[in-house]
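Examining the three-dimensional arrangement
The residues making up each chain are set out below.
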Amino acid sequence: MEYIYRFYRKSQKKNITLHYRSHHPLRTKVEVVRNFYRTAEMSSSSPSLKEESFTIVDHLLRCNGYTNPRTFKDTIVRTGTKGNKDSVHLKLPYLSEKDLTRFIQRHNLPIRVIFTPGNKLKDIFCSSRPYDRPMCNSR
């Protein structure tokens, strides 16, 4: 007995996912797209159903700003000068990755950029205040 199955999304499911213009790093967007296609491929039983699943994923990604989703998933994301022993590690709070990476590559700088997460609102509002400590020392 052979089962027939394909990728499925409920009709009431909203077509919302990581938008192309979001401020996430490019590698995150590429991995999200790749995972959608990988899921569609793994959840389809035949080549024709696989193509139908890919069409569902294409529609979802086009609704979220990706113009050519199938070619976007093949984007090669290179970060800095990986493996170069002479490179300097530069820690920065998250910035627009595209501009900074292009600048570093254009000028052949031996820099590997490491983005650190910024302060979250939870950290700012829920931090313990220095004024909560007792003012007098008891002996």
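On a predicted model such as this, the values are computed, not experimentally measured, just so you know.

It is worth spelling out the pattern of salt bridges at this point. Pairing of side chains with opposite charge becomes possible as their charged atoms draw close. According to the stated counting rule, one finds five salt bridges in the structure shown. The shortest N-O distance in the salt bridge between Glu-41 and Lys-50 comes to 3.8 Å. Relative accessible area serves as the criterion here: at 26%, Lys-50 is assigned to the partly exposed category. One salt bridge in this structure joins Glu-51 and Arg-70, with 3.0 Å as the shortest N-O distance. Taken together, the residues span a long stretch of sequence, with Glu-51 in helix α2 (residues 47-62) and Arg-70 in helix α3 (residues 69-72) at a distance of 19 residues. What you see here is one network of salt bridges that share partners, running through Glu-51, Asp-58 and Arg-70.

Its identity is not glycine, yet Asn-108 carries a phi of approximately 50°, on the positive side. Tracing the chain through its elements places Asn-108 in the loop between α4 (97-106) and β2 (111-116). Accessibility expressed as a relative area gives 69% for Asn-108, which makes it exposed.

Within the secondary structure layout, Ile-104 lies in helix α4. Take Ile-104: its relative accessible area is 7%, and that puts it in the buried class. With near-sequence residues (within four places) excluded, Ile-104 lies in contact with Leu-109, Ile-111 and Val-113.

Take α2 next. Over its 16 residues, α2 extends 22 Å from the first C-alpha to the last, a length consistent with the 22 Å expected when each residue adds 1.5 Å. Those residues of α2 that fall on the buried side of the exposure criterion are Leu-49, Ser-53, Phe-54, Val-57, Asp-58, Leu-60 and Leu-61. In the core, the buried residues of α2 are packed alongside α1 (26-42) and α3.

With that out of the way, let us pick up the packing of aromatic side chains. For the structure shown, the criterion picks out four aromatic pairs. Ring plane angle 70° and centroid distance 5.5 Å describe the contact between Tyr-20 and Tyr-66, whose orientation is recorded as edge-to-face. One end of the pair, Tyr-20, is in the segment before α1; the other, Tyr-66, is in the loop between α2 and α3, and 46 residues separate them in sequence. The partly exposed category is assigned to Tyr-20, whose relative accessible area is 29%. For the pair Tyr-20 and Phe-72, a centre-to-centre distance of 5.7 Å together with 80° between the ring planes defines the contact as edge-to-face. Separated by 52 residues along the polypeptide, Tyr-20 in the segment before α1 and Phe-72 in helix α3 bring together distant segments of the chain. An aromatic cluster of three or more residues is present, and its members are Tyr-20, Tyr-66 and Phe-72.

Working note: a packed helix pair is described by the angle between its axes plus the distance between those axes. Axis separation between α1 and α2 bottoms out at 8 Å; the angle between their running directions is 155°. Looking at the two axes, α1 sits roughly antiparallel to α2. Classified by chirality, the crossing of α2 by α1 is right-handed. Contacts between α1 and α2 involve Val-33, Phe-36, Tyr-37, Ala-40 and Glu-41 from the first element and Lys-50, Ser-53, Phe-54, Val-57, Asp-58, Leu-60 and Leu-61 from the second. Class assignment for the residues of the contact of α1 with α2 results in eight nonpolar, one polar and three charged.

Rules used in this analysis
- The numbering scheme is per chain: residues are counted from 1 as the chain's sequence reads.
- Where totals are concerned, whole chains, interfaces and linings use all residues; where local detail is concerned, this predicted model gives features only for residues with pLDDT of at least 70, and gives and counts side-chain atom pairs only at 80 or more.
- To get the side-chain values, all heavy atoms of the structure are used, and hydrogens and water are removed first.
- Salt bridges are defined as contacts in which a side-chain nitrogen from Lys or Arg sits within 4 Å of a carboxyl oxygen from Asp or Glu.
- Buried, partly exposed and exposed residues are distinguished by accessible area as a fraction of the type maximum, computed with a 1.4 Å probe on protein chains only: under 20%, between the cut-offs, and over 50%, respectively.
- Numbering of helices and strands runs from the N terminus; a helix is a DSSP stretch of H or I covering at least four residues, while a strand is a stretch of E covering at least two.
- Contact between two residues is taken to exist if any of their heavy atoms lie within 4.5 Å; hydrogens are not considered.
- For a helix, the expected span equals 1.5 Å multiplied by the residue count minus one.
- We call Phe, Tyr and Trp rings a pair once their centres come within 6.5 Å, taking the six-membered ring for Trp, and we label the pair stacked below 30 degrees between planes, edge-to-face above 60, and tilted otherwise.
- To obtain each axis, a line is fitted to C-alpha atoms, and for helices this fit is confined to the stretch in contact; angles are then taken between N-to-C directions over 0 to 180 degrees.
- We call two directions roughly parallel when the angle between them is under 35 degrees, roughly antiparallel when it is over 145, roughly perpendicular when it lies between 65 and 115, and oblique otherwise.
- By convention, the crossing between two helices is left-handed when the near helix turns anticlockwise from the far helix through less than a right angle, and right-handed when the turn is clockwise.
- Any residue that is not Ala, Val, Leu, Ile, Met, Phe, Trp, Tyr, Cys, Pro, Asp, Glu, Lys or Arg is counted as polar, Gly included; the first ten are nonpolar and the last four charged.

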